[in-house]
Amino acid sequence: MPLRGTPSDEEPRMTATDITGARTPEAAGVITGARERIDALDDRIIGLIQERMAVSAVVQEARIASGGRRVNLSREMEILGRYSEALGRPGTPLAMTLLELCRGRI
Ligand SMILES: O=C(O)C(=O)C[C@]1(C(=O)O)C=C[C@@H](O)C=C1
């Protein structure tokens, strides 16, 4: 019994065309290259989100240590506005998710 994902002699290998959903090898090549770029971009985006979380923690800790609150709603409204201005309607839930990652649920 072959391991799952390990093609036996009877089972043909998955081709680039199968994996990408393309119908021609040329399109499969374009998609494979573009997916590599997307993966690299996603790695950078994740790194930037983690960096944002760390900087946000510095801000929140300083405010709390000074006797203030963790959350600053007027600043959050400003951030929601920036994201929706740049990305349209979907920018708002994206910014809300980022804020939740940075300060937890409220
Ligand atoms: O800018 C601040 O005052 C922050 O605390 C940072 C931040 C953010 O992650 O952008 C986090 C929590 C606040 O409610 C508002 C914004």
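Treat the numbers as computed from the prediction; the structure is a model and nothing was measured.

## Here we look at the overall build of the protein chain
Scanning the protein chain from terminus to terminus reveals four helices and zero strands. Reading the helices (α) and strands (β) of the protein chain from amino to carboxyl end gives α-α-α-α. The C-alpha extent of the protein chain, read off along each of the three principal axes, is 70 × 35 × 20 Å. Counting across all 106 residues of the protein chain, residues that qualify as buried make up 1%.

## Considerations on the UniProt feature "domain: Chorismate mutase" (unreviewed entry) in the protein chain
With numbering aligned to this structure, UniProt lists the feature "domain: Chorismate mutase" (unreviewed entry) at residues 25-106. As a span, residues 25-106 carries 84% helix and 0% strand, and end to end its C-alpha atoms are 49 Å apart.

## Concerning the domain arrangement of the protein chain
Many analyses report the size of an interface as the accessible area lost when the parts associate. One can read the domain layout of the protein chain as domain 1 (14-68) and domain 2 (71-106). One C-alpha centre belongs to domain 1, the other to domain 2, and the line joining them spans 19 Å. At the junction of the two partners, domain 1 supplies five residues and domain 2 supplies four residues.

## Some remarks on the site of the ligand
Looking at the ligand, the residues that line it are S56, V59, Q60, V71, N72, R75, E76, I79, L99, C102 and R103. Within the residue set of the shell around the ligand, elements represented by two or more residues are α2 (25-65), α3 (73-87) and α4 (91-103). Each residue belonging to the shell around the ligand can be placed in one class, and the counts come to five nonpolar, three polar and three charged. In terms of domain composition, the shell around the ligand takes at least three residues from each of domain 1 (14-68) and domain 2 (71-106).

## Things to note about the packing of α2 against α4
Contact pair α2 / α4: the axes reach a minimum separation of 8 Å and the direction vectors enclose 60°. Compared by their axis directions, α2 and α4 come out oblique. Here α2 runs over α4; the crossing is right-handed. Each of I49, R52, M53, S56 and Q60 in α2 lies in contact with α4, whose residues at this interface are L98, L101, C102 and R103. Split into classes, the residues belonging to the contact of α2 with α4 amount to five nonpolar, two polar and two charged.

Analysis parameters
- Residues numbered from 1 in each chain as written.
- Predicted model: local features only at pLDDT ≥ 70, side-chain atom pairs only at ≥ 80, totals over all residues.
- Helix = DSSP H or I, 4+ residues; strand = E, 2+ residues; numbered from the N terminus.
- Buried ≥ 20, exposed ≤ 12 C-beta atoms within 10 Å, placed from the backbone.
- UniProt positions renumbered as here; feature names shortened; annotations may be inferred.
- Domains from an automatic or database assignment.
- Contact = placed C-beta atoms within 7 Å.
- Near = placed C-beta within 6 Å.
- Nonpolar A, V, L, I, M, F, W, Y, C, P; charged D, E, K, R; others polar.
- Axes fitted to C-alpha atoms, helices over the stretch in contact; angles between N-to-C directions.
- Parallel < 35°, antiparallel > 145°, perpendicular 65-115°, else oblique.
- Left-handed = near helix turned anticlockwise from the far one by under 90°.

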